Amino acid sequence: MISSLQIKQFATELGADKCGISSIERFKDAPAGFHPVDIWSDCKSVVVFLKSMPRLAIQTENPIVYSHTAYTLYTSLDRLGLDLCLKLQGVGLDAIPVPTDVPYLYWNEELKRGMGILSLRHSAYNAGLGIMGRNTLLITPEFGNMVYLGAVLIDARPDEDPLIEDFSCPDGCSLCMDSCPVNALDGISVNQKACRGVSSITHERGWDIYICSECRKVCPLG
């Protein structure tokens with residue numbers, strides 16, 4: 001049986017800044033249709049990994065820098081997940097990659113609400129990588145909220161990581177909620193319809209460009 005340490009070493013060698021593991025039992029509150037076993041019935045654990053974004057990429061006046069950096073990270077994480085699956089397959093462990101962003105199936109046009117096939121933020125929380133911030137983003141002790149996530153599903157039960165319990169948003173902090181130009185945050189969830197209306201634009205050439213990330217920028221843990 002491969003150990004959790006070996007899996008994490010593989011992920012780190014492939015470029016992950018950090019990696020954690022969760023059993024599927026921690027996903028008992030996942031919405032129907034969005035549990036790991038809804039993707040792959042043989043799944044027993046979820047391996048989650050992250051890459052950090054350069055801290056100042058989000059602070060530039062030109063939004064192209066942040067947008068390009070984000071999309072580059074998505075591609076890099078998808079590649080990492082695929083390579084990790086192949087690495088695990090080479091030592092006899094079946095693994096399935098999870099898309100880091102699009103495509104996904106669920107879309108509510110009226111609410112402009114989409115859901116990936118697996119919530120990577122909740123998966124990372126379950127794998128002990130960070131906490132769910134009031135801006136609804138994963139926040140880690142090492143990199144704040146400047147992280148992007150990937151995951152693979154495996155059919156084994158290596159040791160899972162403990163949840164983070166000694167780290168949290170600062171008491172009384174509401175900077176992320178107060179900074180939102182459309183009041184889309186309530187500290188627990190995000191109104192995707194309101195957020196999408198101001199957070200990105202589609203260029204006439206077809207490129208999607210992020211133009212608002214205030215909730216991420218102002219976070220004191222960022």
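Scope of this entry: the structure provided in the associated data block. In this text the structure is predicted, and so the values were computed from the model without any measurement. (Residues numbered from 1 in each chain as written. Predicted model: local features only at pLDDT ≥ 70, side-chain atom pairs only at ≥ 80, totals over all residues. Heavy atoms only, no water.)

## Focus: the packing of aromatic side chains
Our working definition: For this analysis, a ring pair means two rings from Phe, Tyr or Trp (six-membered ring only for Trp) whose centres lie within 6.5 Å, classed as stacked if their planes differ by under 30 degrees, edge-to-face if by over 60, and tilted for the remaining angles. Put simply, DSSP marks the helices as runs of H or I at least four residues long and the strands as runs of E at least two long, and each gets a number from the N terminus on. For every residue, the accessible area (1.4 Å probe, protein chains only) is compared with the maximum for its type, and the residue is labelled buried under 20%, exposed over 50%, or partly exposed between those bounds.
Tallied over the full model, the rule gives 5 aromatic pairs. Measuring from ring centre to ring centre gives 5.7 Å for tyrosine 66 and tyrosine 210, while their planes differ by 55°; the resulting arrangement is tilted. Placement of the pair is tyrosine 66 in helix α3 (residues 63–90) and tyrosine 210 in strand β10 (residues 208–210), with a sequence separation of 144 residues. According to the relative accessible area criterion, tyrosine 66 is buried, its value standing at 7%. For tyrosine 210, a relative accessible area of 21% puts it in the partly exposed group. Aromatic pair tyrosine 74 and tyrosine 148: ring centres 5.3 Å apart, planes at 75°, arrangement edge-to-face. One end of the pair, tyrosine 74, is in helix α3; the other, tyrosine 148, is in strand β8 (residues 147–154), with 74 residues separating them in the sequence. Neither tyrosine 74 nor tyrosine 148 differs from the other in exposure class; each is buried. Members of the aromatic cluster, each reached through a chain of ring pairs, are Tyr66, Tyr71, Tyr74, Tyr148 and Tyr210.

## Description of the state of the cysteines
Put simply, the rule reads: Cysteine sulfur atoms are paired as a disulfide whenever they come within 2.5 Å of each other.
The full count for this structure, using the stated rule, is 0 disulfides. There is no disulfide at cysteine 19, and the cysteine sulfur nearest it, in cysteine 85, is 12 Å away. Free cysteine: cysteine 219, not disulfide-bonded; nearest cysteine sulfur from cysteine 169 at 6.2 Å. Accessibility expressed as a relative area gives 13% for cysteine 219, which makes it buried.

## Structural notes on unusual backbone geometry
Trans peptide bonds make up most of the peptide bonds, and negative phi angles are found at most residues other than glycine. Residue valine 102 is joined to proline 103 through a cis peptide bond whose omega torsion reads 5°. One can find proline 103 in the loop between β3 (95–98) and β4 (106–108). For asparagine 183, which is not glycine, the phi dihedral falls at a positive 50°. You can see asparagine 183 is positioned in the loop between α5 (175–179) and α6 (192–199).

## Focus on the packing of helix α1 (residues 4–13) against α3
Heads up, the rule is: The convention used is that axes are lines fitted to C-alpha atoms, helices contributing only their stretch in contact, and that angles between N-to-C directions extend from 0 to 180 degrees. By the definition adopted for this analysis, an angle is roughly parallel if under 35 degrees, roughly antiparallel if over 145, roughly perpendicular if from 65 to 115, and oblique otherwise. Two helices crossing with the near one rotated counterclockwise from the far one by less than a right angle form a left-handed crossing, whereas a clockwise rotation gives a right-handed crossing. Contacts between residues were defined by any pair of non-hydrogen atoms, one from each residue, lying within 4.5 Å. The classification used treats Ala, Val, Leu, Ile, Met, Phe, Trp, Tyr, Cys and Pro as nonpolar, Asp, Glu, Lys and Arg as charged, and all other residues, Gly among them, as polar.
Close contact between α1 and α3 brings their axes to 10 Å; oriented N to C, the two are set at 135°. In terms of their interaxial angle, α1 and α3 are classed as oblique. Seen along the crossing, α1 lies across α3 with a hand that is right-handed. Residues Ile7, Phe10, Ala11 and Glu13 of α1 form the contact with α3, whose own contacting residues are Leu80, Leu84, Lys87 and Leu88. Considering only residue class, the contact of α1 with α3 consists of 6 nonpolar, no polar and 2 charged.

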